[in-house]
Amino acid sequence: MIRRSSIKVLLLILVFTLGWIVVLVPASVVSRLLPANAPLVLQGMSGSLWSATVAQAALVQDGLVVVQGRLTWRLRPLSLLRLTPCIDLTFVDTSLLSAAPGSVAGAACLSAGGELALQDVSFDLPAGYFLRSADLRLGGGISGHLQTLSWQSGSLTALAGQGLWSDARIVSNELNLALQTLPFDFRRGSDDSIVVRMDN
């Protein structure tokens, strides 16, 4: 009887200790854990692992900043007890390159098996984010809802969502095509491709 109660007390102390570590460890630890060549660059971090703000979070591809803005997150406490840590995150575009700021908000979870999942993500972004080309530009805004996106061992394992391309335009030096508003949905294809279906 004494042995069982001692084990329960030790487990309780361990849980509280881990909780205090999460609350007290500075958020800057996250940037130190990222690989040197990671496409995600975090600057101006404040807060703790529990709840933090990143003044400048940038996604860099081929030496070019694709997305840049302010990132905040808050850890879901009960997710730690299930050994599947989840955070609620919000990203607001602060790039001077965008005519209209974009935003993304949702949840990100990491399973014990190493699967990263984004769930219930809402997004409202300038269409230019989705095509980077000197010859062709997309106009308007793309908003929608990403129900799920799962990534494991470098592969996309699940993807489903829908959106709306408002004031849709395709622009180049020779072309200015106005498409008005286009609803669409997207999913992971059977051959690991991303399938986008536009409704007109």
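As a reminder, the structure under discussion sits directly above these lines.
Residues numbered from 1 in each chain as written. Predicted model: local features only at pLDDT ≥ 70, side-chain atom pairs only at ≥ 80, totals over all residues. Heavy atoms only, no water.

1. Here's the deal with the overall build of the protein
For step 1, the next point in the chain: Of the regular secondary structure elements, the protein holds three helices and 10 strands.
For step 2, the next point in the chain: Taken from the N to the C terminus, the helices and strands of the protein come in the order α-α-β-β-β-α-β-β-β-β-β-β-β.
For step 3, the next point in the chain: Its C-alpha atoms give the protein a radius of gyration of 21 Å, more than 25% over the compact-globule value 16 Å for 200 residues.
For step 4, the next point in the chain: Within the span of the protein, comprising 200 residues, buried residues form 26% of the whole.
For step 5, the next point in the chain: Within the protein, residue pairs in contact and separated by at least 24 positions form 33% of the contacts whose partners lie at least 6 positions apart.
For step 6, the next point in the chain: Counting only carbon and sulfur atoms, one obtains 63% of the accessible surface of the protein, whose full area is about 13,000 Å².
For step 7, the next point in the chain: Averaging the locations of the 14 positively and 13 negatively charged side chains of the protein gives two centres separated by 17 Å. (Helix = DSSP H or I, 4+ residues; strand = E, 2+ residues; numbered from the N terminus. Rg over C-alpha atoms; globule rule 2.2 N^0.38 Å. Buried < 20%, exposed > 50% of the residue type's maximum accessible area, 1.4 Å probe, protein only. Contact = heavy atoms within 4.5 Å. Areas by Shrake-Rupley, 256 points an atom, 1.4 Å probe, with all protein chains shown as cover. Lys, Arg positive; Asp, Glu negative; His and termini not counted. Charge placed at Lys NZ, Arg CZ, Asp CG, Glu CD.)

2. Examining the pairing of strand β9 (residues 176-188)
For step 1, the next point in the chain: Of the strand pairs in this sheet, strand β8 (residues 155-171) and β9 are connected by 10 bridges, and their pairing is antiparallel. Residue L164 lies in a different strand from β9, and its bridge partner there is P183.
For step 2, the next point in the chain: Hairpin connection between β8 and β9: a loop of four residues separates the two successive antiparallel strands.
For step 3, the next point in the chain: Examined bridge by bridge, β9 and strand β10 (residues 194-198) share five bridges and lie antiparallel to one another. When the bridges of β10 are listed, F186 appears paired with V196. (Pairing = 2+ DSSP bridges.)

3. Section: unusual backbone geometry
For step 1, the next point in the chain: One non-glycine residue, D167, adopts positive backbone phi at about 50°.
For step 2, the next point in the chain: Mapped onto the elements of the fold, D167 is located in strand β8.
For step 3, the next point in the chain: Positive phi, close to 65°, is recorded for Q180, a residue that is not glycine.
For step 4, the next point in the chain: Inspection of the secondary structure puts Q180 in strand β9.

4. Re the packing of aromatic side chains
For step 1, the next point in the chain: Counted by the stated rule, this structure contains two aromatic pairs.
For step 2, the next point in the chain: Here F123 and F186 contribute two aromatic rings whose centre-to-centre distance is 6.5 Å and whose plane-to-plane angle is 50°, an arrangement assigned as tilted. Of this pair, F123 sits in strand β6 (residues 116-126) while F186 sits in strand β9, and the two are 63 residues apart along the sequence.
For step 3, the next point in the chain: The structure contains a cluster of three or more aromatic residues connected by ring pairs, namely F123, F184 and F186. (Phe/Tyr/Trp six-rings, centres within 6.5 Å; stacked < 30°, edge-to-face > 60°.)

5. Examining the sheet that holds strand β4 (residues 86-93)
For step 1, the next point in the chain: Strand order in the open sheet made by the 10 strands is β1-β2-β3-β4-β5-β6-β7-β8-β9-β10, with antiparallel pairing throughout. The sheet terminates laterally at β1 (40-47) and β10, the two strands that pair on one side only. On average, each strand axis in the sheet is tilted by 20° relative to the strand beside it, whichever way the strands run.
For step 2, the next point in the chain: Examined bridge by bridge, strand β2 (residues 51-61) and strand β3 (residues 64-75) share nine bridges and lie antiparallel to one another. When the bridges of β3 are listed, A52 appears paired with W73. (Axes fitted to C-alpha atoms, helices over the stretch in contact; angles between N-to-C directions.)

6. Comments concerning a nonpolar patch on the surface
For step 1, the next point in the chain: A contiguous nonpolar surface patch, about 470 Å² in accessible area, is contributed by I7, L11, L14, L18 and I21.
For step 2, the next point in the chain: Take L11: it is sitting in helix α1 (residues 2-24). (Patch = residues over 30% accessible without salt bridge, like charges linked within 9 Å, V, L, I, M, F, W, Y side chains within 5 Å. Salt bridge = Lys/Arg side-chain N within 4 Å of Asp/Glu carboxyl O.)

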